[in-house]
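# Analysis of the macromolecular model
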Amino acid sequence: MNNQKTYQLQFILLIVVLLLCFFVNISLGSISIPTKSIFGSLFGTIENNTHQIIITDFRLPKAITAILVGSGLGISGLLMQTLFRNPLAGPFVLGISSGASLGVALVILGSGLFGGLFATALISKWSIVVAASLGSFLVLLAVLAVSSKVRDTMAILIIGLMFGSITAAVVSVLSYFSSAEQLQQYIFWGFGSLSNLSWNELLIFFGIYALGIVLSIASIKGLNSLLLGDNYAKSLGLNLKQSRLIIILATSLIAGTVTAFAGPIAFIGLAIPHLTRQIFKTSNHKVLLPAVFLFGAIVMLICDSIAQIPGSDYTLPINAITALVGAPVVIWLLVRQRKMMF
Amino acid sequence: MKKETSHIILKTEQLSIGYKTKKVETAISSNINFELQRGQLIGLVGANGIGKSTLIRTLIKVQPPLSGSVLLNNKDLRITSNLELAKQLSIVLTEPLTSKNLSVFELVALGRHPYTNWIGNLSTEDVKIVNESMKLVNISELKDKKCYELSDGQLQKVMIARALAQDTDVIVLDEPTTHLDMYHKAYILKLLQKLSTETGKTILFSSHEIDLAIQLCDAMIVMTKNSIICDQPCNLITKGVFESLFPKDLIAFDNATGSFRVT
């Protein structure tokens, strides 16, 4: 007799939906490409060279980015909500996006202020990625230093929010001294973007992301015992300090790279874990982690498909779409269930 | 003499408990010496604020002793690792669960964590122990319920089952009867008595139900301002220990009935 509920059917369904969304996402865009050519370029039987290039160099990397971003943010949100015992926590509560924003703001907006040093690097995409990574990494170091001193997880949460406030203040000071052009570039970064990643960039993205995911999977058992509270978790043999460190590190790696490559994408990290808990009706991380991965990827692919406005040349900011599409779904779920699962 | 000592599971030596900040050391109680035997049910009683919770927190290694030592199976808690401790001592606390979005089975199964592999997969042996633990506390029919659907009394039983599933020599419960009605208070303590005799575990609980504890416990630890005494309930009554438990202006201990009366 097996008492452990398995969710095979649900998982198979989700994987099918994910594949479907992936395919739909690739087939949509400003240029319509016949289904036959899409399959052709995906599986290497070339018929039309232009179509092949559009698919393999633009749409495929973008769809993969969407999967990495959605699943990554969802998982880091889940880790943060369990660690901080707070349903409002998301991947950015530690100040990770604040750090990234600060880094990017310094590069884009600060170039006027600091002159020549940054001026040459201004337009380069890599300088933004490096600045964002460096920014979130430094904030992470600060948070880790604080968390080894402060035993209360709630305090760390507040410290993360404080970092956010400091960043916002510095950014507004920088904006005050910046040109309209620089401001626009900064704002565009803030919209978030899934496109424009080359395969090389994607490889680096995936490498760091995968490391974070491995750490998350290694934390599953600890996360489950944390559901009982810190003292119970400790009484079950968990090394609290070490587990907390690994969880924070995993989140920072994932959310940090996502922000560096795709900009500060809001909402997904907060909402996906709730969506998953409502649908799967469990807090068991062995079920939640893969489910959040799938849900995050699916939602992000759908949001991206909508953002392209099929058939037009416009692409809406992905950051707006995630909230516009996602928020009503979460509200609807909460109202329908009349109860928040946590 | 040798046989006697081998039955001692938990022992304190010149233990002093309290809180330590960088500058000041606030001792709440000191010179605590007691020995708990295998298979005993022990009640820890004392007035509010006397340090019951601090003593419990020290015994389960949530906070360090100021001086002296706690010996579990003859090994100082300070040199016992968390994982070692998890296989010898399990706890039931008053603090609320972070998440109640787990089924009863899943929650009880968390008790197997010290024995499961890196990802927490349950072996058939683990599943068997989890089912047996639920059966021992009569909650088998609640197995698939979610914890947020349970009453306080049911949840307390589930937490006890979880501690049982951890398969330890000692179970320590911090005020397991708070928030429960009279019937369920008696029910839980009676259950603990049954478990200690049936499973041979040493069960220590703190409680304000002094009269129930007197009737059910093999030994009691009575904390008063001046001393901490551990003995059999009948000896404690003869020694008149319970009289010194509270100020005498409102209630008095009646030796004949073994309970407190309003004066």
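Predicted model only: the values in this text are computed from it and were never measured.

Each value, and the rule that gives it
- Residues numbered from 1 in each chain as written.
- Chains lettered and ligands numbered in written order.
- Predicted model: local features only at pLDDT ≥ 70, side-chain atom pairs only at ≥ 80, totals over all residues.
- Heavy atoms only, no water.
- Contact = heavy atoms within 4.5 Å.
- Buried area = accessible area lost by both parts, 1.4 Å probe.
- Salt bridge = Lys/Arg side-chain N within 4 Å of Asp/Glu carboxyl O.
- Polar contact = N/O pair within 3.5 Å; in protein donor to acceptor, adjacent residues only side chain to side chain.
- Nonpolar A, V, L, I, M, F, W, Y, C, P; charged D, E, K, R; others polar.
- Buried < 20%, exposed > 50% of the residue type's maximum accessible area, 1.4 Å probe, protein only.
- Helix = DSSP H or I, 4+ residues; strand = E, 2+ residues; numbered from the N terminus.
- Pairing = 2+ DSSP bridges.
- Axes fitted to C-alpha atoms, helices over the stretch in contact; angles between N-to-C directions.
- Expected span 1.5 Å × (residues − 1).
- Arc of directions from axis to C-beta.
- Right-handed = clockwise from strand over helix to strand, strands pointing away.

Quick look at the interface of chain B and chain A now. In this complex, chain B contributes 40 residues to the contact, which on the side of chain A involves 31 residues. Here chain B meets chain A over a buried area of about 3,000 Å², counting both sides, of which 54% is carbon and sulfur. Of all residues in chain B, B:Thr98, B:Asn101 and B:His113 give up the largest surface area on contact with chain A, accounting jointly for 21% of the area buried on that side. Across the contact surface, chain B and chain A share 0 salt bridges. Counting across the chain B and chain A interface gives 17 residue pairs in polar contact (both at pLDDT 80 or more). Residues belonging to the side of chain B that touches chain A are distributed by class as follows: 20 nonpolar, 12 polar and 8 charged.

We now examine the pattern of salt bridges. A pair can form between side chains of opposite charge whenever their charged atoms are brought close. Residues and elements named next belong to chain B. Applying the stated criterion to the full structure yields 9 salt bridges over all chains. The closest approach of N and O atoms between Arg78 and Asp76, which form a salt bridge, is 3.6 Å. Accessibility expressed as a relative area gives 18% for Asp76, which makes it buried. A salt bridge links Asp126 to Arg112; the nearest nitrogen and oxygen atoms lie 2.9 Å apart. In this pair, Asp126 sits in helix α5 (residues 124–136) while Arg112 sits in the loop between α4 (104–109) and α5, placing the two residues 14 residues apart along the sequence. The pair formed by Asp126 and Arg112 is uniform in burial state, with each residue classed as buried.

Right, let's talk about the sheet that holds strand β1 (residues 8–20) of chain B for a bit. Residues and elements named next belong to chain B. Ordered in space as β2-β1-β4-β5, the 4 strands form an open sheet in which the pairing is antiparallel. Of all strands in the sheet, those bounded by a partner on one side alone are β2 (25–37) and β5 (75–76). One ladder, built from 5 bridges, connects β1 with strand β4 (residues 67–72); its direction is antiparallel. Each residue of the ladder has a partner; that of Ser16, found in β4, is Ser67. Here helix α2 (residues 52–59) sits on the sheet and contacts β1, β2 and β4; the angle it forms with β1, its principal contact strand, is near 120 degrees.

On to helix α1 (residues 8–27) of chain A, then. All names here are of chain A. Given a rise of 1.5 Å per residue, 20 residues ought to cover 28 Å, and the 29 Å separating the end C-alpha atoms of α1 matches this to within 8%. Taken together, the buried positions of α1 are occupied by Phe11, Leu14, Leu18, Cys21, Phe22, Asn25 and Ile26. For α1, the angular spread of buried residues about the axis comes to 125 degrees, placing them on one side. Set apart from the buried face of α1 by more than 90 degrees, the exposed residues are Leu9, Ile12, Leu13, Leu19 and Leu20. In this structure, the buried side of α1 is in contact with α2 (35–42), α3 (49–83), α14 (268–280) and α15 (285–307).

Moving on, we get to α2(A). Residue and element names in this part refer to chain A. Turning to α2, its buried residues are Ser37, Ile38, Gly40 and Ser41. Projected down its long axis, α2 shows its buried positions confined to an angular sector of 165 degrees, all on one face. Elements in contact with the buried residues of α2: α1 and α3. Immediately beyond the C-terminal end of α2, within one or two residues, lies Gly44, with a positive phi of roughly 85 degrees.

Another aspect to go through is the environment of B:Met223. Residues and elements named next belong to chain B. Position of Met223 among the secondary structure elements: in strand β9 (residues 219–223). A sequence separation of 191 residues divides Met223 from Ile32, and the C-alpha atoms of the two residues are 9.6 Å apart. Those residues in contact with Met223, other than ones at most four positions away along the chain, are Ile17, Ser29, Leu44, Val45, Gly46, Ala47, Ile50, Gly51, Lys52, Leu55, Ile228 and Leu245.

All names here are of chain B. Within strand β8 (residues 202–206), 5 of the 5 residues are buried, which leaves it mostly tucked inside the rest of the structure. Of the two faces of β8, both are covered, the one formed by Thr202, Leu204 and Ser206 as well as the one formed by Ile203 and Phe205. Of the pairings in the sheet, the one linking strand β7 (residues 170–173) to β8 comprises 4 bridges and is parallel in character. The residue bridging Leu173 from the neighbouring strand is Phe205, located in β8. Note that the unit made of β7, helix α7 (residues 182–199) and β8 has a crossover that is right-handed.

This next bit is on the sheet that holds strand β6 (residues 89–92) of chain B. Residue and element names in this part refer to chain B. Pairing in this open sheet of 6 strands is mixed, and the strands run β6-β7-β8-β3-β9-β10 from one edge to the other. Sheet topology places β6 and β10 (228–231) at the edges, where each strand pairs with a single neighbour. Across the sheet, the axes of successive neighbouring strands diverge by a mean angle of 15 degrees, strand direction being ignored. Contacts between α2 and the sheet are confined to β3 (41–46), β6, β7, β8 and β9, with β3 contributing the most and set at about 140 degrees to the helix. Those strands touched by helix α6 (residues 152–165) are β6 and β7, and its axis lies near 170 degrees from that of β6.

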